[in-house]
Amino acid sequence: MKACTTCLVLKEESEFNLYRLKRRSQCRNCQSNEGRIYYQRNREKIREKQRVLDGPGQGRWGPRTDPELPAVLDEVERQVIIGGLLGDGSLTHGKRQITPAYRERHGLAQENYLRWKGEMLHRMKPRIVPNASNIGSKSYGGWVLSTIANPTLNEFAKFYEDSKKIVPQDMADELGPLGLAVWLQDDGYLAVPKTGRPYMTVCSMSFTWEENEMLVDRIRIITGNMRTAVMKAPSGSKAQIYIGPSALEDVASLVAPFWHSDLKYKFPYPDMLTREK
C-alpha cells in the first residue's frame with residue numbers, strides 16, 4: 001500500500017503507473033483527472049496545434065485531404081466525371097474515409113483511352129495501374145484509374161441512392177459535348193447495317209425508364225435533333241437509349257473533337273475525327 005501524493009489516499013501498488021518515473025507517486029485516477037482538466041482549459045490551443053500538424057485535412061475535425069487538390073473542379077473535370085459516372089466510372093470510399101475518390105476500370109486495349117481521361121483529371125492526382133478482374137475461373141487483364149479522395153467529389157454522391165447508381169436531374173441537365181463523348185465511348189454500341197445509315201444504342205440498362213428519358217431529353221437539347229428515343233433492351237425488361245441515323249450524325253459532329261483515336265471503331269463517321277487524342 002502507498003499514498004497518492006494528490007488525493008492522499010492509501011491505494012494498492014496496481015493503481016499506480018510504475019512505468020512513468022514522473023508519475024509513480026500519483027494514482028491512475030488522479031492522473032486521468034489531471035489530464036481531463038488540462039484538456040478542458042487548453043482545448044482550443046490543442047485543437048489549433050492539431051490543425052497545424054494535420055494541415056488542411058484537419059484530422060479528426062474534418063476529412064484529411066491533400067492541400068494541392070483543386071478546391072473547385074473546372075468544366076473539363078466536371079464533364080469527364082459526369083460522363084464517367086453515367087458510364088464505367090464510380091465513386092469509392094476507403095476504410096474510415098468520409099470523402100470519395102473517383103475510380104474507373106477498362107480493358108488492356110483501352111489503356112491509352114484511360115490515360116487520356118487521366119490527363120484531363122491531372123489536378124486530382126489520378127493513379128493508373130494494372131488491374132486483373134477475375135470472373136469465374138478466368139482472369140482478365142486491365143487498367144484502373146483512381147484519384148485521391150477529394151471533398152469536391154461529394155456533390156457527385158447524388159449519383160447514388162441506397163448504394164445503387166441513379167441519374168440526378170441537375171447532373172443530366174449539366175451534361176455537355178465532352179461528357180456525352182465520354183459516356184458514349186464507355187457505353188455506346190455502334191451498329192452499321194449492310195444497307196442504310198449507322199445508328200447507336202447506349203447500354204443504359206442500369207437506369208430506370210424515367211432516367212433514360214431524362215438523358216434522351218438532354219441529348220435532344222444539345223444536338224437539336226429529336227431522333228433519339230428510349231427503347232426496350234434485348235432482355236425485354238429494361239430500357240436502353242437508341243440514337244437514330246439522323247440524330248447520330250448530329251451527335252457525331254458534336255462529340256468528334258473529344259473522341260479518342262483508340263475508340264474510332266465506335267465512331268460512325270471517321271472523316272469527322274479532326275484530331276487524334
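To be clear, the structure that these remarks concern was listed above.
Residues numbered from 1 in each chain as written. Predicted model: local features only at pLDDT ≥ 70, side-chain atom pairs only at ≥ 80, totals over all residues. Heavy atoms only, no water.

A. The arrangement of the nonpolar core in detail. Ranked by size, the top nonpolar core spans 52 residues in total, and within it Ile-81, Leu-86, Phe-156, Trp-183 and Ile-243 carry the most contacts. Of all the elements, helix H6 (residues 177–187) adds the most residues to this core, at six residues. Leave out the neighbours within four places in its chain, and Trp-183 touches Gly-83, Leu-86, Gly-87, Leu-175, Gly-188, Val-202, Ser-204, Leu-215, Ile-219 and Ile-241. (Core = buried A, V, L, I, M, F, W, Y, C linked by side-chain atoms within 4.5 Å. Buried < 20%, exposed > 50% of the residue type's maximum accessible area, 1.4 Å probe, protein only. Helix = DSSP H or I, 4+ residues; strand = E, 2+ residues; numbered from the N terminus. Contact = heavy atoms within 4.5 Å.)

B. Focus on the sheet that holds strand E9 (residues 188–191). The four strands are arranged E9-E10-E12-E11 in an open sheet whose pairing can be described as antiparallel. The sheet is open, and its two borders are formed by E9 and strand E11 (228–232), each paired with just one other strand. In this sheet, adjacent strand axes meet at a mean angle of 30 degrees when their direction is disregarded. Here strand E10 (residues 199–202) pairs with strand E12 (residues 239–243) via three bridges, running antiparallel. Each residue of the ladder has a partner; that of Thr-201, found in E12, is Tyr-242. Contacting E9, E10, E11 and E12, helix H8 (residues 245–255) runs over the sheet at an angle of about 80 degrees to E12. (Pairing = 2+ DSSP bridges. Axes fitted to C-alpha atoms, helices over the stretch in contact; angles between N-to-C directions.)

C. Spatial organisation of the pairing of strand E6 (residues 138–146). Summarising the sheet, strand E4 (residues 101–107) and E6 pair through five bridges and their orientation is antiparallel. Residue pairing in the sheet places His-106 in a bridge with Trp-143 of E6. Both strand E5 (residues 127–135) and E6 contribute to a ladder of nine bridges, which runs antiparallel. The residue of E6 that forms the bridge with Ala-132 is Gly-141. From the end of E5 to the start of E6, which pair antiparallel, there are two residues, and Gly-136 there has a positive phi angle of about 65 degrees.

D. Highlighting the sheet that holds strand E3 (residues 89–92). Judged by pairing direction, the sheet is antiparallel, and its four strands sit side by side in the order E3-E4-E6-E5 without closing on themselves. Of all the strands in the sheet, just E3 and E5 have a single pairing partner and so form its edges. Neighbour-to-neighbour, the strand axes of this sheet turn through a mean angle of 35 degrees, independent of strand direction. Where helix H3 (residues 75–86) meets the sheet, it contacts E3 and E4, and its direction lies at approximately 60 degrees from that of E4.

E. Structural context of the packing of aromatic side chains. Taken as a whole and judged by the stated rule, the model has three aromatic pairs. Residues Tyr-113 and Trp-116 carry aromatic rings whose centres are separated by 5.9 Å and whose planes lie at 25 degrees to one another, so their mutual orientation is stacked. Placement of both Tyr-113 and Trp-116 in helix H4 (residues 111–120) is noted, with a separation of three residues, approximately one turn of the helix. The residues Tyr-113 and Trp-116 share a single accessibility class, namely buried. Geometry around Trp-143 places Arg-115 over its ring, the cationic atom sitting 5.2 Å from the centre. (Phe/Tyr/Trp six-rings, centres within 6.5 Å; stacked < 30°, edge-to-face > 60°. Lys NZ or Arg CZ within 6 Å of the ring centre and 35° of its normal.)

Function-wise, these values are silent; they only describe arrangement.
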